[in-house]
Amino acid sequence: MTSIIADREKKRKIRIWAVVVWLLIWQAVSMWIGQEILLVSPVAVLLRLLELIRTKLFWQSIGFSVMRIVGGFLLAMFLSVIGAGLSSRFRRVQEFLAPAVLAVKAVPVASFVILVLIWVSSENLSVVISFLMVFPILYTNVLDGIKSMDAKLLEMAEVFDIPERVRIRYIYVQQVLPFFRTGCSVGLGLCWKAGIAAEVIGIPDGSIGEQLYEAKVYLNTPDLFAWTVVIIVISLVFERLFLWIVDRLVYRMERME
């Protein structure tokens, strides 16, 4: 399974030359427009980003948003695995969760943000929104993984009376993990988009969302682009780090067999 994952990552790898070409296009369009308030150049964004990095507020805002958005993701990951496991075992649990999962998938993020803001303080809004966006994805993926398991393996485990913990370790985890990984890959990007959007609407003090909102209000385009770059980088780093940890766990499990 690790070789399959490696092949997928190789195909998805972003080429440096493509990034450079897009940056050159961005620079050319910015120079052609000639108005920084409409489209700032990548050079100006880089210079502004270097200025922001030196400030205490920059790191405090990152810490505030990362802690809450990542917390919402981890909570969704934990509860979705438990929910999928219970749903695969008990049909009533699956029937009970189905309407809620469908509703969360269908309702727009902005509607959820406004609704949740009535019940939750703006400080913890991004935790709830990140959780709501990730839970249905991971729950559905893990449940599909459990349902698509090899029936013959399960039958063999039943015939030879293999202990439950051994079944989980060598049968369930091995076959469900690819579905879990795919769900995490999708959910990680979505939780950052939704979490930051929630902060922009809720405007909690000391968050990345607040910095984006202020940049918009004061038409500070360099700040707006600089913070957007920061969000992209944090999202990519966390996604790669988390998926690397998952892949290492898979590798260790395969080596132990």
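Placed above this text is the structure.
Reference entry: report on the structure contained in this document. (Residues numbered from 1 in each chain as written. Predicted model: local features only at pLDDT ≥ 70, side-chain atom pairs only at ≥ 80, totals over all residues. Heavy atoms only, no water.)

**Observations concerning the overall build of the protein**
Selection criterion: Helix and strand labels come from DSSP, where a helix needs a run of H or I of at least four residues and a strand needs a run of E of at least two; each type is numbered from the N terminus. Contact criterion: two residues are considered in contact whenever any of their non-hydrogen atoms come within 4.5 Å of each other.
The number of helices and strands found in the protein is 11 helices and zero strands. Ordered by position from N to C terminus, the α and β elements of the protein give α-α-α-α-α-α-α-α-α-α-α. Long-range pairs, those at least 24 residues apart, make up 73% of the contacts in the protein between residues at least 6 apart in sequence.

**Structural notes on the state of the cysteines**
Linking two cysteines covalently through their sulfur atoms gives a disulfide. As a reminder of what qualifies: The definition used for a disulfide is geometric: two cysteine sulfur atoms within 2.5 Å.
Scanning all chains against the criterion turns up zero disulfides. With no disulfide of its own, Cys184 has Cys191 as its nearest cysteine by sulfur position, at a separation of 10.0 Å.

**Section: helix H7 (residues 125–147)**
Keep this limit in mind: Expected span of a helix: the number of residues minus one, times 1.5 Å. Axes are fitted to the seven residues ending at a residue and to the seven starting at it; the angle between these axes is taken as the bend at that residue. When accessible area is computed with a 1.4 Å probe and restricted to protein chains, residues below 20% of their type maximum are described as buried, those above 50% as exposed, and intermediate ones as partly exposed.
Between its first and last C-alpha atoms H7 spans 34 Å; for 23 residues at 1.5 Å apiece the expected length is 33 Å, and the two agree. A maximum bend of about 30° is found in H7 at Val134, where proline Pro136 lies one to four positions downstream. Counting buried residues along H7, 18 of its 23 residues qualify, which places the element largely inside the surrounding structure.

**Focus on the packing of aromatic side chains**
Rule in force here: Two aromatic rings from Phe, Tyr or Trp, using only the six-membered ring of Trp, form a pair when their centres are within 6.5 Å; if the ring planes differ by under 30 degrees the pair is stacked, by over 60 it is edge-to-face, and anything between is tilted. In this analysis the charged atom, NZ for Lys or CZ for Arg, is taken to sit over a ring once it is within 6 Å of the ring centre and within 35 degrees of the ring normal.
Going through the model one piece at a time under the given rule, you end up with eight aromatic pairs. A centroid spacing of 5.0 Å and a plane angle of 90° characterise the contact between Phe58 and Trp59, whose relative ring orientation is edge-to-face. Its relative accessible area of 4% is what places Phe58 among the buried residues. Joined through ring pairs, the aromatic side chains of Phe58, Trp59 and Trp227 make up one cluster. In this arrangement the basic side chain of Arg68 is found over the ring face of Phe64, its NZ or CZ atom lying 3.8 Å from the centre.

**Describing the pattern of salt bridges**
Here is the rule: Within this document, salt bridges are pairs made up of a side-chain nitrogen of Lys or Arg and a carboxyl oxygen of Asp or Glu, the two lying within 4 Å of each other.
Per the counting criterion, the structure on display carries five salt bridges. Here Arg68 ties to Glu123 by a salt bridge, and the two come within 3.0 Å at their closest N and O atoms. Within this pair, whereas Arg68 is found in helix H4 (residues 56–89), its partner Glu123 is found in the loop between helix H6 (109–119) and H7, the two being separated by 55 residues in sequence. Residue Glu123 is classed as partly exposed on the basis of its relative accessible area of 40%. For the salt bridge of Arg91 with Glu95, the shortest nitrogen-to-oxygen distance reads 2.5 Å. Of the two residues, Arg91 and Glu95 both sit in helix H5 (residues 91–106), four residues apart, roughly one turn of that helix.

**Regarding unusual backbone geometry**
Even without glycine at this site, Ile203 takes up a positive phi of about 50°. Note that Ile203 resides in the loop between helix H9 (164–202) and helix H10 (208–217). Of note, the phi angle at Leu219 is positive, near 55°, even though the residue is not glycine. Here Leu219 lies in the loop between H10 and helix H11 (221–256).

**Notes on the packing of H5 against H7**
What counts, and what does not: Here the axes come from fitting lines to C-alpha atoms, over the contacting stretch only for helices, and the angles between their N-to-C directions go from 0 to 180 degrees. Each angle gets one of four labels, with under 35 degrees taken as roughly parallel, over 145 as roughly antiparallel, 65 to 115 as roughly perpendicular, and the rest as oblique. Less than a right angle of anticlockwise turn of the near helix away from the far helix marks a crossing as left-handed, whereas a clockwise turn marks it as right-handed. Gly falls in the polar group here, along with every residue not listed as nonpolar (Ala, Val, Leu, Ile, Met, Phe, Trp, Tyr, Cys, Pro) or charged (Asp, Glu, Lys, Arg).
Running from amino to carboxyl end, H5 crosses H7 at an angle of 135°, the nearest separation of the two axes being 9 Å. Considering the angle they form, H5 stands oblique to H7. As H5 packs across H7, the resulting crossing turns out to be left-handed. Only Leu132, Met133, Phe135, Pro136, Tyr139, Thr140, Leu143 and Lys147 of H7 make contact with H5, whose side of the interface consists of Gln94, Leu97, Val101, Val104 and Lys105. For the contact of H5 with H7, a count of residues per class yields nine nonpolar, two polar and two charged.

Note that every value here comes from positions in space, so none of it alone points to a role or purpose.
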